[in-house]
Amino acid sequence: MKKYKIAVLKGDGIGPEIVNEAVKVLDKTAEKFGFEVEYDEALLGGCAIDATGVPLPEETIAKCKAADSVLLGAVGGPKWDNQPGNNRPEAGLLGIRGALGLFANLRPAVIFEPLKSASPLKPEIIGDAMDIMVVRELTGGIYFGERGRLEENGIPAAYDTEKYSVPEIERIGRVAFDMAMKRNKKLTSVDKANVLESSRLWRETMIRLSKEYPEVELSHLYVDNCAMQLVRNPKQFDVIVTSNIFGDILSDEASMISGSIGMLSSASLSGEKSGLYEPIHGSAPDIAGQGIANPLATILSVAMMLRYSLDEPQAAQAIENAVAEALKTVRTPDIYTDGTRKVSTSEMGDTVASLI
Ligand code: NAD
């Protein structure tokens, strides 16, 4: 029987509550699809600061590197707000991404049919369904480029540098083309090639790479137009690939279209099989410990893990189907509407597990 080793970083706030439900669903999926899962828990964020003094202990890095994949809840909370910047819980998050070499961030923006009314867009714009995958470069560009302060003729100024090399563009491009091959074979590359030299190199490189993927239909959009098209006609998109800063902004915009932060999952990949899977929301300290957090983003992160790291696409689909089915009858308070039953975090996990 196939056996997968998963490093589990529950983190802070609602992290432990939602990860427990995701593990419950993964266990049921494993039983159904004939594989075994071994879990190895490790500390990250505020809980790691409390136990060891640092947000990312060496032991956590070692456990994540030894695992087939990493499942993360969320980190942070007011208790650690007075820590110095490099010792805050969020520094642990950046640290683990760096230590694992995670250069590609995948954020699906999906609207489940029963939650269509939660979207801020009109039903006729959304249509039957929306399913976009934003592939964002995560370790290059202006967030990591040279920066500084200077004085010009006595006037204070500051600068940041956007720089991409061809290999950096190629490796994120390959992730996106491979993703498009697994989906509808449509890829939109987003840049600002009318103004930025780094964007012109980005576009040339994507066009060259597209020769390796003749089945994928590649198109290009300027970032300002893409931001507009996402709210004007989101159905036109399948996979979007873009740089670190543009991806930061566009993935937030795309996820807002779905209307509920408790529903959205994400993956960060290194080009190797393994990856880090987590909900896009934070540790929600305002509702932690009350048993009312929505565990679906974390459960859907497990589905992404099965699809992109563990090569179990049928198991992934089973989880996504079970979530869609569960939403027809039960809701956690954040997505509750009349005609459905309001349930707790663990009841939501039980319902999804029972539908696998
Ligand atoms: P947040 O995402 O934690 O919460 C924003 C709002 O959404 C809150 O009202 C919260 O109750 C609600 N919410 C979030 N997830 C929910 C869920 N699963 N079910 C129901 N409601 C949910 O963002 P924030 O309040 O800005 O940040 C809180 C803490 O989380 C901060 O310390 C922040 O730094 C940290 N954070 C961590 C991550 C991460 O671990 N990846 C990401 C963002 C923020």
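All residue numbers refer to position in the chain's written sequence, counted from 1. Restriction of local features to residues with pLDDT of at least 70 applies here, the model being predicted, together with a cutoff of 80 or more for giving and counting side-chain atom pairs; totals for whole chains, interfaces and linings are based on all residues. Here the side-chain values reflect all heavy atoms present in the structure, with hydrogen atoms and water set aside.

Caption draft 1: Layout of the overall build of the chain. The secondary structure content of the chain amounts to twelve helices and 14 strands. Scaling as 2.2 N^0.38, a compact globule of 356 residues should have a C-alpha radius of gyration of about 21 Å, and the chain matches this with 20 Å. Expressed as lengths along the three principal axes of its C-alpha atoms, the size of the chain is roughly 60 × 50 × 45 Å. Out of the 356 residues belonging to the chain, those deemed buried represent 52%. We call two residues contacting when some pair of their heavy atoms lies within 4.5 Å. Within the chain, contacts between residues at least 6 apart in sequence are counted, and of these 74% link residues at least 24 apart. Just so you have it, the chain exposes about 15,700 Å², and 52% of that area is on carbon and sulfur atoms. Residues scored as positive are Lys and Arg, those scored as negative are Asp and Glu, and His as well as the terminal groups of each chain are ignored. To locate a charge, take atom NZ for lysine, CZ for arginine, CG for aspartate or CD for glutamate. With 38 positive and 50 negative side-chain charges, the chain shows a separation of 3 Å between the mean positions of the two kinds. Helix and strand definitions here come from DSSP, where helices need a minimum of 4 consecutive H or I residues and strands a minimum of 2 consecutive E residues; each element is numbered from the N-terminal end. The size measure is the radius of gyration over C-alpha atoms, and the globule rule it meets is 2.2 Å times the number of residues to the 0.38 power. The cut-offs for exposure are 20% and 50% of the maximum accessible area for each residue type, with area from a 1.4 Å probe on protein chains only; residues under the lower value are buried, those over the upper are exposed, and the others partly exposed. Surface exposure here means Shrake-Rupley accessible area, sampled with a 1.4 Å probe, where a residue is shielded only by the protein chains that are shown.

Caption draft 2: Quick peek at the site of the ligand. The rule for a residue being near a molecule or strand is that one of its heavy atoms must lie within 4 Å of it. As a matter of local geometry, the ligand sits amid 20 residues, with Val 75, Glu 90, Gly 282, Ala 284 and Asn 294 nearest to it. Measuring from a nitrogen atom of the ligand, one finds a backbone N or O atom of Asn 294 at 2.9 Å. Relative to its free-state accessible area of 800 Å², the ligand is covered by the protein chains to the extent of 68%. Note that Gly is not counted as nonpolar here; it falls among the polar residues with everything else outside the nonpolar set of Ala, Val, Leu, Ile, Met, Phe, Trp, Tyr, Cys and Pro and the charged set of Asp, Glu, Lys and Arg. Class assignment for the residues of the shell around the ligand results in nine nonpolar, seven polar and four charged. The term polar contact refers here to a pair of N or O atoms within 3.5 Å; inside protein, the definition further demands a hydrogen-donor-capable atom paired with an acceptor-capable atom, and it admits residues adjacent in sequence only when both atoms are side-chain atoms.

Caption draft 3: Seen up close, the pattern of salt bridges. Here, a salt bridge means any side-chain nitrogen of Lys or Arg that lies within 4 Å of a carboxyl oxygen of Asp or Glu. As enumerated under the stated definition, the model contains 24 salt bridges in all. The partner of Asp 40 in a salt bridge is Lys 63, with the nearest N and O atoms 3.5 Å apart. Here Lys 63 lies in helix H3 (residues 58-66) and Asp 40 lies in strand S2 (residues 35-41), a separation of 23 residues in the sequence. Relative accessible area serves as the criterion here: at 21%, Asp 40 is assigned to the partly exposed category.

Caption draft 4: The arrangement of the sheet that holds strand S9 (residues 217-222) in detail. What makes two strands pair is DSSP finding at least two bridges between them. Strand order in the open sheet formed by ten strands is S2-S1-S3-S12-S11-S4-S5-S10-S8-S9, with mixed pairing between adjacent strands. Edge positions in the sheet fall to S2 and S9, since each has one partner strand and no second. Between one strand axis and the next, the sheet turns by 25 degrees as a mean value, whatever way the strands run. Sheet topology note: the strand S8 (residues 186-191)/S9 ladder contains six bridges and is parallel. Along S9, the bridge assignment pairs Thr 188 with Ser 219. Only the stretch in contact is used when a helix axis is fitted, and all axes are lines through C-alpha atoms; the angle between N-to-C directions ranges over 0 to 180 degrees.

Caption draft 5: Geometry of the domain arrangement of the chain. In this entry, domain limits derive from an automatic or database-based domain assignment. Each assigned domain of the chain is listed with its residue range as follows: domain 1 (1-108 + 258-356) and domain 2 (120-257). At the junction of the two partners, domain 1 supplies 16 residues and domain 2 supplies 20 residues. Summed over both sides, the interface of domain 1 with domain 2 buries roughly 1,500 Å², with 60% coming from carbon and sulfur. It is Phe 103, Asn 105 and Arg 107 in domain 1 that bury the most area against domain 2; as a group they hold 45% of the surface buried on that side. As a salt-bridge pair, Arg 107 and Asp 252 come within 2.9 Å of each other at their nearest N and O atoms. Across the contact surface, domain 1 and domain 2 share eight residue pairs in polar contact (both at pLDDT 80 or more). Every element with two or more residues in the side of domain 1 that touches domain 2 is listed here: strand S4 (104-111) and helix H10 (296-308). The residue inventory of the side of domain 1 that touches domain 2, partitioned by class, reads nine nonpolar, four polar and three charged. Put simply, buried area is the surface a 1.4 Å probe can reach on two separate parts but cannot reach once they are joined, added for both.

Caption draft 6: Structural view of unusual backbone geometry. Despite not being glycine, Asn 153 shows a phi value in the positive range, around 50 degrees. Its place among the elements puts Asn 153 in the loop between strand S6 (147-152) and strand S7 (155-160). Given the relative accessible area of 81%, Asn 153 is considered exposed. Notably, Lys 185 is not glycine yet its phi reads approximately 60 degrees, a positive angle. Turning to its location among the elements, Lys 185 is positioned in the loop between helix H6 (166-182) and S8.

Caption draft 7: Spatial organisation of the pairing of strand S5 (residues 130-137). Taking burial as the measure, the eight residues of S5 include seven buried ones, the bulk of the element. Sheet topology note: the S4/S5 ladder contains eight bridges and is antiparallel. Considered in S5, the bridge of Asn 105 is made with Arg 136. Relative to strand S10 (residues 239-242), S5 runs parallel, the two being bridged by four bridges. For Arg 136, the partnering residue across the bridge sits in S10 and is Thr 242.

Caption draft 8: Fine view of the nonpolar core. Counting residues in hydrophobic clusters, the biggest one holds 63 residues, and the most contacted among them are Leu 106 and Val 323. With nine residues, the top contributor of residues to this core is H10. When residues of this core are sorted by domain, at least three fall in each of domain 1 (1-108 + 258-356) and domain 2 (120-257). The contact partners of Leu 106, leaving out residues within four places of it in the chain, are Met 133, Val 134, Val 135, Val 175, Met 179, Ser 265, Ser 266, Ala 267, Leu 269, Met 304 and Tyr 308. Judged by nonpolar contacts, the second largest core, of 18 residues, contains Leu 121, Val 190, Phe 237 and Leu 250. As used here, the term nonpolar core means buried Ala, Val, Leu, Ile, Met, Phe, Trp, Tyr and Cys residues forming a set that is joined through side-chain atoms within 4.5 Å.

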